Structure formats: C-alpha cells, structure tokens
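# Geometric and topological summary
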Amino acid sequence: MGDYAHVNGQDLYYEVYGPGPGPGPGPGAADRPPLVLLHGGLVTTEMTFGPLIPALAEDQRVIGVELQGHGHTTDTERPMRIEYLVDDVVALLDHLDLAQVNIFGFSLGGIVALTLALRHPARAGRLIIASVNYRPDGADSELAPDRLPTEADFQAMRDAHAAVAPDPTQFDRAGAKTSAMVQALPGWSDDELRSIAAPTLLIFGDTDFAPLPHAVGMHALLPRAQLAVLPGATHMAVTRRPEVVLPIVRRFLSEGP
C-alpha cells in the first residue's frame, strides 16, 4: 500500500508490505521491528528491492521509502544533502510512530542508513548496508567497464522513474543533484564507524564499485559487523540475486537485538 507523508516540505512516498503490528506468521515476527528499505541513487524501491520484497514481507512489516527526487517523491528546490534525506526518514518514522526500525540500505540508501545510525542511534536496530563506499579514497578512481551500469541499466532507471514520478521531466535534474551530493561526500572517520553499536551486515559484490580491501576494512571498524561478498556480482547486481541475498539477510534479521 502506497501513501505520502508530508515531512520537511517534502511529500515523501512510502509503501508498506507484509503483516501489520502484532503477531506475524514467522517465529519472532511479533517482536521484530519493521524493516525500512532505502533504495539506491537514480532508482526506485521496486528497482532496488523488487525481487526481495515478497520474501522479506512474509513475516515482518516492510516499509519502502522513496527519497527526495526519486520514484514517486517529487524533487523540490531544496538542496539535496544526505543529512536532509536522513531527516526525512526520521520524520517519516515519527509520522508512523516507530521508535526503532531495522534498515536495509543499498548504495545511496546505505549512506543514508549509516548516517542515520550515527546521528540517531536509538532509531537504528539492525543495519544491512549494501555496496557503500565509506571513504572517497577507498573506491576505485577508474572503474573497469564491466563494473559500471550498462546503457540498458540507465534506460531502465529512466523508464522506472517515468512510470511512477509525478513529474517525469525531473529525472535529469534530480540525477545531477544526486550525483553531485554523493561525489561531495567526505565519508566517515574510523572513529565514527567504531561508534556504531547497531549489529551490521555488510553486503558487497565481488566486482562492486568499492574494492574488496575497502569492504574488509569497513568490516574491521564496525564493532558488530558481518560481511558477505557475493560471487559474480557487480554493483547493480547485488540486490538482484535473491537466491543468494535472501538467506543471508533473513538469518541476520532473525538473530535478535
């Protein structure tokens, strides 16, 4: 079910899947916080998590959020900054009366999730962070062509945006704002990552944007981290491998606080 919440001058779109509050069909579902899904840059919730949502929603409430300028959420004249996107997500949690949630963030969504955990630690239960560069110098400066999105990927992004956006003409403007925001990110210090107390599952493709030593270093800094590296997976393919990703994610979410 899709709806809008007016938060911070944004009409923020979200969809709710799975059982509502109360006992669910799976063990421990009644006590499990909802799972918030935060998509990647230039894509929608459906493009990022579509293959995973049905199984994830079997025994928990799942909330897909579309960030400023993405999918159903119109861009505005407001600058696009990670802290603003975090503020929008937190305001949505307040709107839904959710004190704490688990969060699954991919790429841009993972950056938002990590920033939220740093700024609002009490709101973050368990974190799943997929394909995130935590430091600009940790990423490959020149990516091989086989690691990059294809022309078909970019066309699929445009098509997905056009299918649901209130103003499909905003794609290029929102895309430019998103790219500039991500490129300007300073990353996080080692001490900041060490301060994140939430249990964290890191997921990377073996041919992701970030080199594997970067992923391993991030795993070493986060106090309660697990690391999964998907074989034969580029950045774009990480959440498109439900047969590999779902067992890892469901086991992690079932481990408790």
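Below or above, wherever it landed, is the structure these notes cover. In this text the structure is predicted, and so the values were computed from the model without any measurement.

### Some points on the pattern of salt bridges
Between side chains of opposite charge, a pair can form when the charged atoms approach closely. Scanning the entire structure with this criterion turns up 15 salt bridges. For R173, the salt bridge goes to E77, with nearest N and O atoms at 3.0 Å. A residue pair is termed long-range when its members are at least 10 positions apart, and R173 in helix α6 (residues 171–183) and E77 in the loop between β4 (62–66) and α3 (82–95) qualify at 96 residues. Of the charged contacts in the structure, one is a salt bridge between D172 and R158, with a shortest N-O distance of 2.6 Å. Within this pair, whereas D172 is found in helix α6, its partner R158 is found in helix α5 (residues 151–164), the two being separated by 14 residues in sequence. Salt bridges here are not isolated pairs; linked through shared partners, they connect R32, E58, D59 and R250.

### Focus: the packing of aromatic side chains
Following the criterion strictly, the structure yields two aromatic pairs and no others. Ring geometry for Y4 against Y13: centres 5.2 Å apart, planes inclined by 65°, an arrangement best described as edge-to-face. Here Y4 falls in the partly exposed class, since its relative accessible area comes to 36%. Residues F49 and F104 carry aromatic rings whose centres are separated by 5.0 Å and whose planes lie at 70° to one another, so their mutual orientation is edge-to-face. Of this pair, F49 sits in helix α1 (residues 45–49) while F104 sits in strand β5 (residues 101–106), and the two are 55 residues apart along the sequence. One cation-aromatic arrangement involves R126 over F252; the distance from NZ or CZ to the ring centre is 4.2 Å.

### A few points about unusual backbone geometry
Positioned with a positive phi, L42 is a non-glycine residue whose angle comes to about 70°. Within the secondary structure, L42 sits in the loop between β3 (35–38) and α1. The phi dihedral of S131 falls on the positive side, at around 60°, and the residue is not glycine. Position of S131 relative to the elements: it lies in the loop between β6 (124–130) and α5.

### Quick notes on α5
Its 14 residues place the ends of α5 21 Å apart at the C-alpha level, agreeing with the 20 Å of an ideal helix rising 1.5 Å per residue. Among all positions of α5, only D153, M157, A160 and H161 are buried. The buried residues of α5 occupy an angular sector of 95° when the element is viewed end-on, so they sit on one face. In α5, those exposed residues whose orientation departs by more than 90 degrees from the buried face are E151, A152 and A163. Summarising the contacts, the buried residues of α5 are in contact with α1 and α6.

### Section: helix α8 (residues 212–221)
Side chains three or four residues apart in an α-helix point the same way, a direct result of the helix having 3.6 residues per turn. Buried within α8 are the following residues: H214, A215, M218 and L221. The arc enclosing the buried residues of α8, seen along the axis, measures out at 125°, which places them on a common side. Facing away from the buried side of α8, by more than 90 degrees, are the exposed residues P213 and A220. On its buried side, α8 packs onto α4 (108–119), α7 (190–194), β7 (200–207) and β8 (225–234).

Here is what the cut-offs are and how they apply
As a convention, each chain's residues are numbered from 1 in the sequence order in which they are written. With pLDDT at 70 or above as the cut-off, local features in this predicted model cover only qualifying residues; side-chain atom pairs require 80 or more to be listed or tallied, and sums for whole chains, interfaces and linings still use all residues. Side-chain metrics in this entry use all non-hydrogen atoms of the structure; hydrogen atoms and water are not considered. In the sections that follow, a salt bridge refers to a side-chain nitrogen of Lys or Arg positioned within 4 Å of a carboxyl oxygen of Asp or Glu. Secondary structure elements follow DSSP: runs of H or I of four or more residues count as helices, runs of E of two or more count as strands, with numbering from the N terminus. Aromatic rings from Phe, Tyr and Trp, with only the six-membered ring used for Trp, were paired whenever their centres fell within 6.5 Å, and each pair was classed as stacked if the ring planes differed by under 30 degrees, edge-to-face if by over 60, and tilted otherwise. Exposure categories follow from relative accessible area, calculated using a 1.4 Å probe and restricted to protein chains: below 20% of the type maximum is buried, above 50% is exposed, and the middle band is partly exposed. Whether a charge sits over a ring depends on NZ of Lys or CZ of Arg being within 6 Å of the ring centre and within 35 degrees of the ring normal. Helix span, as expected, comes to 1.5 Å for every residue beyond the first. In this description, one arc is meant: the one made by directions from the helix axis to the C-beta atoms. The contact criterion used is simple: two residues touch if any of their non-hydrogen atoms lie within 4.5 Å.

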